[in-house]
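Architecture at a glance
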Amino acid sequence: MNQMARIDTGQEAQMANAIRALAMDAVEAAKSGHPGAPMGMADVAAVLFNRFMKIDPADASWPDRDRFVMSAGHGSMLVYAINHMLGYDDMDMDQLRSFRQLGARTAGHPEYGHAKGIETTTGPLGQGIATAVGMALAERMMNARFGDDLVDHWTYVISGDGCLMEGISHEAIDFAGHQQLGRLILMWDDNGITIDGGTDLSTSTDQQARFAAAGWHVQAADGHDREAVAAAIEAAREDDRPSLIACKTVIGYGAPNKQGSHDVHGAPLGADEIAAARAHLGWSHPPFEIPQDILDSWRSVSARGAEARSAWQKRLETSPDQGRFNAMLAAPDAAALRSAIRDHTAKLAADRPKVATRKASEMALDVVNTTLPNTVGGSADLTGSNNTRSKGMASVTPGDRSGRYVHYGIREHGMAAIMNGIALHGGLVPYGGTFLAFSDYSRPAIRLGALMGVPVVHVMTHDSIGLGEDGPTHQPVEHVAALRAIPNLMVFRPADAAETAESWEIALTAPASPSVLCLSRQNLPAVRLEAGDDNLTRQGAYVLRETEGARDVTLIATGSEVEIALEAADLLAAQGVRAAVVSAPCFELFAARPQAEREAVLGRAPRIGVEALIRQGWDGLILRPGDGFIGMAGFGASAPAPALYRHFGITPERAADLANQLIQGGK
C-alpha cells in the first residue's frame, strides 16, 4: 500500500495537525484526557494511514484488513480522530465532542465493541502489544492455511514508554521474535516522558538493544520527520522479522509552552495553550472543524482500502477455499459439537473412568479437536501437566505455521493476551493451559477478555490442595474466588469426565464470554453414571442425587469435592438423614437461571458448601444463617493429597457431622 511516490507532503502535514487539533479540542471539552501522545505521534500516524494502511471503514470486519492497535490506550483520541476522518459511520463529530462522556463511543481508552475500527481494548499498558502479537500470529497461521490471495495483511502497533516497562511486553516481544512474526510492526513513541517526569527517573534500559536481542528488526527515526518514518516503515515491511521503529518524538508536539513536559501527558492544555498551539501549527480552524480538503485526504485512505477489499472479495468468490475460509470465520458448529460430546459422554457413562479431570479434558479435546478444525491449543510450558495437546496436533513453528499447537513458553500473562489477539483476529479458536495457581499472572488479560467478550478458553489444572506435595505456593486456595469475581467470565470446576466434556462444549460455543476450566491433578471417580441427551453442566448447578421424601440437608460441591459430598450423603443415609447432593460446576451459569429454578435445586433445608478452596464467592448458594461451608480458611501445605484433606478437615465425616449440627440447630 505504499504511496510514497504520490504523496503531497504538505497535505500530509495538515492531516497530522488535524489529529492534534481534534485531540486538543476533545480533551478540553471533556476537561480530562491525554493530549500528549496523540499530538506527539500524529505525524507517525498520518504517515502510517496515508501511505500504508489497508482498511475500509465501509466493512470494518473485512478479514484481510490491516490491524492497528493503540497499545498506549490513554492516547485514545488519536484513534477516534482518525476513525472520524476516515469516515466510520458510527464516529461522527458529536462522538468526539462527547469524549469521555456517559453513553458515548469515545471512552477514555479504546474499548473493543464500542465503536468500529477498534481492534482491541487497551489501556492497561503492554496489553495492546501482546494482543497484537496474537493477531500477527493468527495472520501467519491463517496465511499458512489459505495463502496470500486470502490472507495478506499487517499488524501495526503504537506503544509508549509505559508499555515497554510493563513485564508483559517482555513476554510478548520475546515470543514474537522467536516466532519471527514479520508482519508485526511496533512504533514506539520514544518521548522520554512518564507521568512522574522523565523516563530517566525509573529506567535505563536500552530498548533498541533489548528488541534486537529478542530477534527483532530495529530502526530509529525522527518521529516528526515524515519521510524518515515512511522509509522506516518501508524497510520494516521488507524484513522477515518483527520490527521496532523507535520514533523520537516530543510529547504534546505543537503546544509551544507545554510540549516535551509531563504536564502535557494527562490533562487538558487549557484555552490559552490551545490558542497558542493553533497559532504555532498554523491551524486557524475553529474547534471540531476539519477543512474539507483535509477530510478528503483522509477519506482517500478509505477509498484505497475499498478498492483493495473489492479485489480481495473477487479473489474469495473465485477461490476453491471459499467455503472452508468462511467456515473458519464462522462461529463453531454447535450442533456438530453437541452430537460429538453427547456420544462421548454416553461412552463415559458406560465406562465410568476414574481419571483426573485434567486427563478427562485431554479425552474431551480428542473429540473437540476432531470436530472443530480451527481450534488452536497451547500451554505455558506445561503441556504434559495440562494435557492440552490432543492426538495429531502439530506444533506451530517459525518455519511451519500450519500446525495447531502453540508453545507459549513460561509466559502465562503473555499467553493469555496473545490468545485474546488470536480470537480477535478471527478464524481460529484458541485455548491454552497453565496451573491454576498461576492464573494471577494471567488475570489482567483474562479480565480484558471478559470485558471485550472474547471467547478464549483458559485451561487451569492442579486446581486445589489436591495437587499435594508441591505445597502452598502451587495450591490455589483463593484463585477460583478471584476468577469468579470477574464479570462475564465463566469458571468451570467439573466433578468428573462427563462434566469436563460438557464444560468444553459450553466454553467453545459461548458467543461472547471467555471461560476458565479448573481441573484436578488427582484421579476422581465418575459421578454421572447415566447417559442423557442434555448437557447438565449448562444448568450451572443441578441435583446429582435427590432424596426420597423431603430433604434434611443439601450438600453442594464442585470438582473433586463432589465425591466427598456423595460419601457424606451415604454416611448420613446410614444415620437416617436424607441428604441431597448438588453438583455446581459453574456458579455463573447457575446465577443466570430464574430464581425459582435455583431454589428448586438448592431446596429449603440447610445447605452445606464443600470446596477445597476459600468460601468467598459462595454467598449465592449458602448465604442463609443456617447454612455452612467446609473448605479452606488459609493456605495449604506440602503433603500427599489424602493427608491434606484429612488435615484440613475436608472429609465426608466432617461434612456429615456439620450436617447433623445444622439440622439440630434448625429444630
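Computed from a predicted structure; not experimentally measured.

Points about the sheet that holds strand β8 (residues 375–379)
Read across the sheet, six strands follow the order β9-β8-β10-β11-β13-β12 without closing on themselves; strand pairing throughout is parallel. Pairing within the sheet leaves two strands with one partner each, and these edge strands are β9 (405–407) and β12 (490–492). Pairs of neighbouring strands in the sheet enclose a mean axial angle of 20 degrees, with direction left out of account. Direction of pairing for strand β11 (residues 457–461) relative to strand β13 (residues 515–519): parallel, over a ladder of five bridges. Looking at β13, one finds that H458 is bridged to V516.

Some words on the pattern of salt bridges
Using the criterion set out here, one finds 35 salt bridges in the structure. R278 is the partner of D25 in a salt bridge, and the nearest nitrogen-oxygen pair spans 2.9 Å. On the criterion of sequence distance, the pair formed by D25 in helix α1 (residues 9–30) and R278 in helix α11 (residues 271–281) is long-range, its members being 253 residues apart. Taking relative accessible area as the criterion, R278 reaches 11% and is therefore assigned buried. Residues E505 and R538 are paired through a salt bridge, measuring 3.7 Å at the closest nitrogen-oxygen approach. Placement of the pair is E505 in helix α20 (residues 497–509) and R538 in the loop between β13 and β14 (542–545), with a sequence separation of 33 residues. Salt bridges sharing common partners tie together E12, R20, D43, R51, R226 and E227.

A look at the environment of E111
Structurally, the position occupied by E111 is in the loop between α5 (93–97) and α6 (127–146). A C-alpha to C-alpha distance of 9.4 Å links E111 and S76, two positions 35 residues apart in sequence. If sequence neighbours within four positions are ignored, E111 has contacts with Y80, I118, T121 and L451. A polar side-chain atom of E111 sits 3.4 Å from a polar atom in the side chain of T121.

Parameters and conventions
- Residues numbered from 1 in each chain as written.
- Predicted model: local features only at pLDDT ≥ 70, side-chain atom pairs only at ≥ 80, totals over all residues.
- Heavy atoms only, no water.
- Pairing = 2+ DSSP bridges.
- Helix = DSSP H or I, 4+ residues; strand = E, 2+ residues; numbered from the N terminus.
- Axes fitted to C-alpha atoms, helices over the stretch in contact; angles between N-to-C directions.
- Salt bridge = Lys/Arg side-chain N within 4 Å of Asp/Glu carboxyl O.
- Buried < 20%, exposed > 50% of the residue type's maximum accessible area, 1.4 Å probe, protein only.
- Contact = heavy atoms within 4.5 Å.
- Polar contact = N/O pair within 3.5 Å; in protein donor to acceptor, adjacent residues only side chain to side chain.

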